[in-house]
Amino acid sequence: MGANESTGEGPTRSTRRTFLSASAVATAATVAVPLTTGPTAAQAARPAGPGHPARPQTPDRELRALLREVDRDRIEAIVRRLAAFGTRHTLSRQDDPARGIGAARDWIFEQLSGYAAASGGRMTVELQSYVQEPASRIPVATRITNVVATLRGDVSPNRVYVVTGHYDSRATDVMDAVSDAPGADDDASGVAVLMELARVLATRRSEATIVLAAVAGEEQGLYGSAYLAKQLKAAGVDVQGMFSNDIIGSSTADDGTRDPRAVRLFAEGVPTAETPAEASTRQSVGGENDSPSRQLARFVSDVAENGATGMRVRVIYRRDRYLRGSDHISFLREGWPAGRFTEPNEDFAHQHQDVRLVDGVQYGDLPEFCDFDYITRVALVNGAVLWSLAQAPGTPKGATIVTTNLTNDTTLRWQRGDEPDLAGYEVVWRETTAAEWQRVIPVGAVTEVTVDLSKDNVFFGVRAVDRDGHRSPVAFPRPGS
Ligand SMILES: [Zn+2]
């Protein structure tokens, strides 16, 4: 069935977990009690000043066609096949053809290689492996293998966007390599997303490079993704965005709450890899809500909340959930913008649990608890984001807010990108209390502009635009000369 055909959702219960819809937020803003100083919430939402209101980027025809190819039935088949390996624990057998992580690794490699065969040589698939010496949750030297599909960009091959899911799984005891650990939601669902996107993208030309990686060792401590990130770093590539899809298999919580048209995106504020000098700048002029990961999250909302995905992206302003972490952290540690997609409501009886029946309650991460229509929509979100990133110009480099003199206007500078279809730039700005960019000033093919607004009172950013209207994520300028 095509991804965009309507699917039976069943009633959505409204409970404490249901968050405000956009219209409810707008209503709340207009009835806010005016502050004695500064703008009211309503004024902040519609600030006076240069530019036009910021609007989402609508998917173009090419993107819509791509998303229509995403196939729910293939996604279901992948999740069920991965669960059928019994366990995919990192410490499980690697030489058994039917059970264990080795069998899963070989099957994923075979599938991705099959997709890549249709790419005319643009997509390559590799088994990327190393031996992890004994460490936390790794009692004996263990080979850890990522299965990595790379669609090489035609125009900017060194600019890279990465999507991962982890194919290892676990039971109740994180060191139990023998018991059944079907890992359907955690995280066959994320692997199914990247595999199906690999199939759909293999037949297309991308401007930037797209890496789709099934990583291992996540449950033992993010080992596979850490290795992937270090390999990319060593290769000198410019990773401008990364997303971990981890537990995106269901939208139903333990109390029955359903939110089948929302996905959470965890995005950190203060960067994991912030240097002392960057911290000092942030302490003096702000920017704790303007990390590269937050700009990436704003980009995701901009390009992926629309009729082509049928989804809302609930951005969460933290690195990950309490007591949890995922593979995006490996990329944050390398200083790259990254976030984690995860389902909106969780049922902990179906994660990290031995498969068992207790008082009539089924525990375990089984495919029967997955919602394959939901996983398909999360794949659409990832597809919209990846394609919009990879066809747009890169995020502007060297963005600077000029602070040589005290002035009541604002001068911004940046470096010109080298994409042949680059059309120019847009300056974006917002009230400092607003979460989203509010106004857009098209400034053309320049690398410096002065805006008649005080840099002391608002936040500024710069983004690139190509001739087709594809926009890059925003660069947040640093003070300089
Ligand atoms: Zn996981």
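*Asks:* Quick one: what's the story with the environment of Val148, residue by residue and with numbers?
*Replies:* With respect to the helices and strands, Val148 occurs in strand S3 (residues 142-151). Separated by 66 residues in the primary sequence, Val148 and Ala214 place their C-alpha atoms 6.3 Å from one another. The contact partners of Val148, leaving out residues within four places of it in the chain, are Thr124, Val125, Glu126, Gln128, Val211, Leu212, Ala213 and Leu228.

*Asks:* Give a detailed account of the coordination of the zinc ion, specifying residues and quantitative values.
*Replies:* Coordination of the zinc ion by the protein is provided by His166 (NE2), Asp186 (OD), Asp246 (OD) and Asp246 (OD), with metal-donor distances spanning 2.0 to 2.7 Å. One can describe the site at the zinc ion as irregular: its four donor atoms subtend angles covering 52 to 146° at the metal. As a motif over one chain, the donors of the zinc ion read H-x19-D-x59-D. A residue pair is termed long-range when its members are at least 10 positions apart, and His166 in strand S4 (residues 156-166) and Asp246 in the loop between strand S6 (238-245) and strand S7 (262-266) qualify at 80 residues. Here the two residues His166 and Asp246 agree in accessibility, since each one is buried.

*Asks:* Give a description of the packing of helix H4 (residues 72-83) against helix H5 (residues 101-116) that names residues and reports values.
*Replies:* It is the contact of H4 with H5, at a shortest axis distance of 10 Å, that shows an interaxial angle of 155°. In this view, H4 runs roughly antiparallel relative to H5, as classed from their interaxial angle. The handedness of the crossing between H4 and H5 is right-handed. Between H4, through Ile78, Arg81 and Leu82, and H5, the contact on the second element is made entirely by Ala104, Trp107, Ile108 and Tyr115. Within the contact of H4 with H5, the residues separate by chemical class into six nonpolar, no polar and one charged.

*Asks:* I'd love a proper account of helix H12 (residues 372-391), names of residues and values included.
*Replies:* Its 20 residues place the ends of H12 28 Å apart at the C-alpha level, agreeing with the 28 Å of an ideal helix rising 1.5 Å per residue. Where burial is concerned, most of H12 is hidden: 20 out of the 20 residues are buried. Backbone nitrogen of Asp373 and a side-chain oxygen of the N-cap are separated by 3.1 Å at the start of H12; the cap is Asp371.

*Asks:* Residue-level account of the pairing of strand S15 (residues 439-444), with values.
*Replies:* Sheet topology note: the strand S1 (residues 52-53)/S15 ladder contains two bridges and is antiparallel. Within S15, the residue paired with Pro53 across the bridge is Arg439. Pairing of strand S14 (residues 422-431) with S15, which is carried by five bridges, proceeds in the antiparallel orientation. For Glu426, the partnering residue across the bridge sits in S15 and is Pro442.

*Asks:* Lay out the environment of Ser293 in plain terms, naming residues and giving numbers.
*Replies:* Examined against the element boundaries, Ser293 turns out to sit in helix H10 (residues 292-304). For Ser293 and Pro344, which are 51 residues apart along the polypeptide, the C-alpha to C-alpha distance reads 20 Å.

*Asks:* Account for the pattern of salt bridges, with residues named and values stated.
*Replies:* In the structure shown here, the tally under the stated rule is 29 salt bridges. Linking Lys230 and Glu334 is a salt bridge whose minimum nitrogen-to-oxygen distance equals 3.0 Å. Residue Lys230 is located in helix H8 (residues 223-234), and its partner Glu334 is located in the loop between helix H11 (328-333) and strand S9 (338-342); the two are separated by 104 residues in the primary sequence. When the shortest N-O distance is used, the salt bridge between Arg471 and Glu426 registers 2.7 Å. Residue Arg471 is found in the loop between strand S17 (458-466) and strand S18 (478-480), and its partner Glu426 is found in strand S14; the two are separated by 45 residues along the sequence. With relative accessibility at 4%, the residue Glu426 sits in the buried group. Salt bridges sharing common partners tie together Asp246, Arg264, Asp320, Arg321, Arg340 and Glu346.

*Asks:* Tell me about the environment of Pro139, residues and numbers included.
*Replies:* Locating Pro139 in the fold gives a position in the loop between strand S2 (123-132) and S3. Taking C-alpha positions, Pro139 is 8.9 Å from Leu91, a pair spaced 48 residues apart along the chain.

*Asks:* An account of the packing of H5 against helix H6 (residues 184-201) is needed here, citing residue identities and associated values.
*Replies:* Two numbers describe how H5 lies on H6: the axes approach to 8 Å, and their chain directions differ by 25°. Viewed along their axes, H5 and H6 adopt a mutual orientation that is roughly parallel. Crossing geometry of H5 relative to H6 is assigned as right-handed. Of H6, the residues touching H5 (which contributes Trp107, Ile108, Gln111, Leu112 and Tyr115) are Val191, Met195, Ala198 and Arg199.

Procedures and definitions
- Residues numbered from 1 in each chain as written.
- Predicted model: local features only at pLDDT ≥ 70, side-chain atom pairs only at ≥ 80, totals over all residues.
- Heavy atoms only, no water.
- Helix = DSSP H or I, 4+ residues; strand = E, 2+ residues; numbered from the N terminus.
- Contact = heavy atoms within 4.5 Å.
- Donors = N, O, S within 2.8 Å, 3.2 Å for Na, K, Ca; no water.
- Tetrahedral: all angles 85-135°; square planar, octahedral: opposite > 155°, others 65-115°.
- Buried < 20%, exposed > 50% of the residue type's maximum accessible area, 1.4 Å probe, protein only.
- Axes fitted to C-alpha atoms, helices over the stretch in contact; angles between N-to-C directions.
- Parallel < 35°, antiparallel > 145°, perpendicular 65-115°, else oblique.
- Left-handed = near helix turned anticlockwise from the far one by under 90°.
- Nonpolar A, V, L, I, M, F, W, Y, C, P; charged D, E, K, R; others polar.
- Expected span 1.5 Å × (residues − 1).
- Polar contact = N/O pair within 3.5 Å; in protein donor to acceptor, adjacent residues only side chain to side chain.
- Pairing = 2+ DSSP bridges.
- Salt bridge = Lys/Arg side-chain N within 4 Å of Asp/Glu carboxyl O.

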